[in-house]
Amino acid sequence: MFQGASSLNLDAKGRLSVPTRHRDVLSATAANQLTITKHPHGCLMVFPRPEWEKFRERLAALPMSAQWWKRIFLGNAMDVEVDGAGRVLISPELRAAAGIERETMLLGMGNHFELWDKATYDAKEAEAMAGEMPDVFKDFSF
């Protein structure tokens, strides 16, 4: 179960250093194999390979009316491996799709991560915080 936020910088080759706290879990549960794809909110989804395979099966079961979403998720998916230094290469195509140049935010989202351009994430988070809390949270006590 992944959670928490990490502010990270890509290196000159477009590699992201996976936070140490996640490396052991990724090694044990996914043999350091990840899949990265587009997210409809403008970030990237980073899945440990076993979680990606579950997600991919769910996508395959969708009706033809969801074909464009299959293309977005499957057609843009890139299989990558965490290297010996704990880094993962983010392809130029995926970096461009999410507007990522250097500064990023990596968010643990349970069974996967979201990778955001930091400025984009900060702006969207500020917008959400300034708005009304959705009704789905009415039974939560804060």
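Each value, and the rule that gives it
- Residues numbered from 1 in each chain as written.
- Predicted model: local features only at pLDDT ≥ 70, side-chain atom pairs only at ≥ 80, totals over all residues.
- Heavy atoms only, no water.
- Core = buried A, V, L, I, M, F, W, Y, C linked by side-chain atoms within 4.5 Å.
- Buried < 20%, exposed > 50% of the residue type's maximum accessible area, 1.4 Å probe, protein only.
- Helix = DSSP H or I, 4+ residues; strand = E, 2+ residues; numbered from the N terminus.
- Contact = heavy atoms within 4.5 Å.
- UniProt positions renumbered as here; feature names shortened; annotations may be inferred.
- 1 Å grid on protein atoms, 1.4 Å probe; cavity = no way out; pocket = protein on both sides within 12 Å on 5 of 7 lines; lining within 4 Å.
- Points joined across faces, edges and corners; volume = space filled by probe spheres on them.
- Nonpolar A, V, L, I, M, F, W, Y, C, P; charged D, E, K, R; others polar.

Asks: Give me the lowdown on the nonpolar core, citing residues and values where you can.
Replies: Grouped together as the largest cluster of nonpolar side chains are 20 residues, with contacts concentrated most on Leu 16, Leu 34, Ile 36, Leu 44, Val 88, Ile 90 and Leu 115. Contributing elements (two or more residues each) for this core: strand E1 (2-9), strand E3 (33-38), strand E4 (44-48), helix H4 (92-98) and strand E8 (113-117). If we skip the residues at most four places from it in the chain, Leu 34 touches Leu 26, Val 46, Phe 47, Pro 48, Arg 49, Met 78, Asp 79, Val 80, Val 82 and Val 88. Grouped together as the second largest cluster of nonpolar side chains are six residues, Trp 52, Phe 55, Leu 59 and Phe 73 included.

Asks: Just give me the short version of the UniProt feature "domain: SpoVT-AbrB" (unreviewed entry) in the chain, but keep the residues and values in it.
Replies: UniProt's feature table lists "domain: SpoVT-AbrB" (unreviewed entry) at residues 5-51 and 77-120, given in the numbering used throughout. Taken as a whole, residues 5-51 contains 30% helix and 40% strand, while its terminal C-alpha atoms sit 20 Å from one another. As annotated, residues 77-120 has a helix share of 23% and a strand share of 45%, and its two end C-alpha atoms lie 22 Å apart.

Asks: Which residues make up the layout of surface pockets, and what values do they have?
Replies: By volume, the largest pocket amounts to about 210 Å³. Trp 116, Tyr 121, Lys 124, Glu 125, Glu 127, Ala 128 and Met 129 are the residues that line the largest pocket. Among the elements that line the lining of the largest pocket, the one with the most residues is helix H5 (residues 118-130), at six residues. Among the residues making up the lining of the largest pocket, the classes are represented as four nonpolar, no polar and three charged. Each pocket or cavity is described by its volume, and for the second largest pocket that value is around 170 Å³. In this structure, the second largest pocket is lined by Ala 128, Met 129, Gly 131, Glu 132, Met 133, Pro 134 and Phe 137. Of the residues assigned to the lining of the second largest pocket, the class counts are five nonpolar, one polar and one charged.

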